Amino acid sequence: MAGETDLHKLIATMEPELHTIDYVFSHIKTDDLSSLKDLKPIGTFMESEGMTAIVPLTIAQEHQMLIESVFSCITLNVHSSLDAVGLTAAIATALGEQGISANVVAAYYHDHVFVNKNDAEKALNTLRLLSKNSADMTN
């Protein structure tokens, strides 16, 4: 099933959901990839300097990993197409206007927005309001 591409429909129906697990973004040396299984990352990205892994905070603490910031994850529960235009910009703009940094990860079915844990509730409310306002405009 193809994902949604209509920006207004995506925003109006995105149903943001705040996860209860805290995460960290950690750097893993490229020669240390064998540890990934134990770290149970929910996402990885290879860069020239090494791999970035999004790891549950509790696991990062168990492995004594460097923790710079703790993030909460908000999943947008709408099946967005990877070809959709403007969703990341709309989310980042709404959160940015509230002084909230957004680290967006686009996966096959959904977009996931990582925000500083201290901003999680404010971010969730901001995204819910954005969705409601978009739905009101289409009705």
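Residues numbered from 1 in each chain as written. Predicted model: local features only at pLDDT ≥ 70, side-chain atom pairs only at ≥ 80, totals over all residues. Heavy atoms only, no water.

**Regarding the overall build of the protein**
Convention followed: Only DSSP runs of H or I reaching four residues or more are called helices, and only runs of E reaching two or more are called strands; each is numbered from the N terminus. Working definition: with a 1.4 Å probe on protein chains only, accessible area under 20% of the residue-type maximum means buried, over 50% means exposed, and in between means partly exposed. Contacts: residue pairs with any heavy atoms within 4.5 Å of one another. In this description, accessible areas are obtained by the Shrake-Rupley approach with a 1.4 Å probe, and a residue is regarded as covered only by the protein chains that are shown.
Helix and strand counts for the protein come out as five helices and six strands. Its helices and strands in sequence order give the protein the pattern α-β-α-β-β-α-β-α-β-β-α, from N to C terminus. In terms of principal-axis extent, the alpha carbons of the protein reach across some 55 × 35 × 25 Å. Burial analysis of the protein (139 residues in total) assigns 38% to the buried set. For the protein, the share of sequence-separated contacts (at least 6 apart) that also reach a separation of at least 24 residues comes to 71%. Here the protein has roughly 8,300 Å² of accessible surface; of this, 51% comes from carbon and sulfur atoms.

**Notes on the nonpolar core**
One recurring pattern in soluble globular proteins is that nonpolar side chains are buried together. Stated precisely, the cut-off is as follows: In plain words, nonpolar cores are sets of buried Ala, Val, Leu, Ile, Met, Phe, Trp, Tyr and Cys residues tied together by side-chain atoms within 4.5 Å.
Residues Ile74, Leu76, Ile91, Leu95 and Val115 are the most contacted members of the largest nonpolar core, which totals 17 residues. With near-sequence residues (within four places) excluded, Ile74 lies in contact with Pro16, Glu17, Leu18, His19, Asp111, His112, Val113, Val115, Ala120, Ala123, Leu124 and Leu127.

**Observations concerning the environment of Met14**
Within the fold, Met14 resides in the loop between helix 1 (7-12) and strand 1 (16-28). Measuring from C-alpha to C-alpha, the distance between Met14 and Ala2 comes to 16 Å, with 12 residues separating the pair along the chain. Once residues within four sequence positions are removed from consideration, Met14 is found in contact with Leu76, Asn77, Val78, Ile91, Leu127, Leu130 and Ser131.

**Concerning the pattern of salt bridges**
As a reminder of what qualifies: A pair is scored as a salt bridge if a Lys or Arg side-chain nitrogen falls within 4 Å of a carboxyl oxygen belonging to Asp or Glu.
This structure, assessed with the given rule, holds three salt bridges. Ionic pairing is found between Lys117 and Asp22, a salt bridge with its closest N-O pair at 2.7 Å. Here Lys117 is found in the loop between strand 6 (111-116) and helix 5 (120-138), whereas its partner Asp22 is found in strand 1, with 95 residues between them in sequence. When its relative accessible area of 17% is taken as the criterion, Asp22 is described as buried.

**Comments concerning unusual backbone geometry**
For Glu15, which is not glycine, the phi torsion reads 40° and is therefore positive. Owing to a relative accessible area of 53%, Glu15 belongs among the exposed residues under this scheme. Phi is positive for Gln64, which is not a glycine, with a value near 50°. Its place among the elements puts Gln64 in the loop between helix 3 (57-62) and strand 4 (71-76).

**A look at the side chain of Ser26**
For Ser26, the location among the structural elements is in strand 1. Taking relative accessible area as the criterion, Ser26 reaches 4% and is therefore assigned buried.

**Things to note about the packing of aromatic side chains**
Quick reminder of the rule: For Phe, Tyr and Trp, rings pair up if their centres lie within 6.5 Å, where Trp contributes its six-membered ring, and each pair is then called stacked (planes under 30 degrees apart), edge-to-face (over 60) or tilted (otherwise).
Scanning the model with the defined rule gives four aromatic pairs in all. Their ring planes at 70° and their centres at 5.1 Å tell us that Phe25 and Phe71 sit as a pair that is edge-to-face. A residue pair is termed long-range when its members are at least 10 positions apart, and Phe25 in strand 1 and Phe71 in strand 4 qualify at 46 residues. Residue Phe25 is classed as partly exposed on the basis of its relative accessible area, which comes to 32%. On the basis of an interplanar angle of 80° and a centroid distance of 4.8 Å, the ring pair of Tyr108 and Tyr109 is categorised as edge-to-face. Looking at Tyr109, the relative accessible area reads 48%, which means it is partly exposed.

**As for helix 4 (residues 87-96)**
Note the cut-off: The reported arc concerns the directions from the helix axis to the C-beta atoms and nothing else.
For helix 4, the set of buried residues is Leu87, Ala90, Ile91, Ala94 and Leu95. All buried residues of helix 4 project into a common sector of 120° when viewed along the axis, lining one side.

By themselves these figures say nothing about function.
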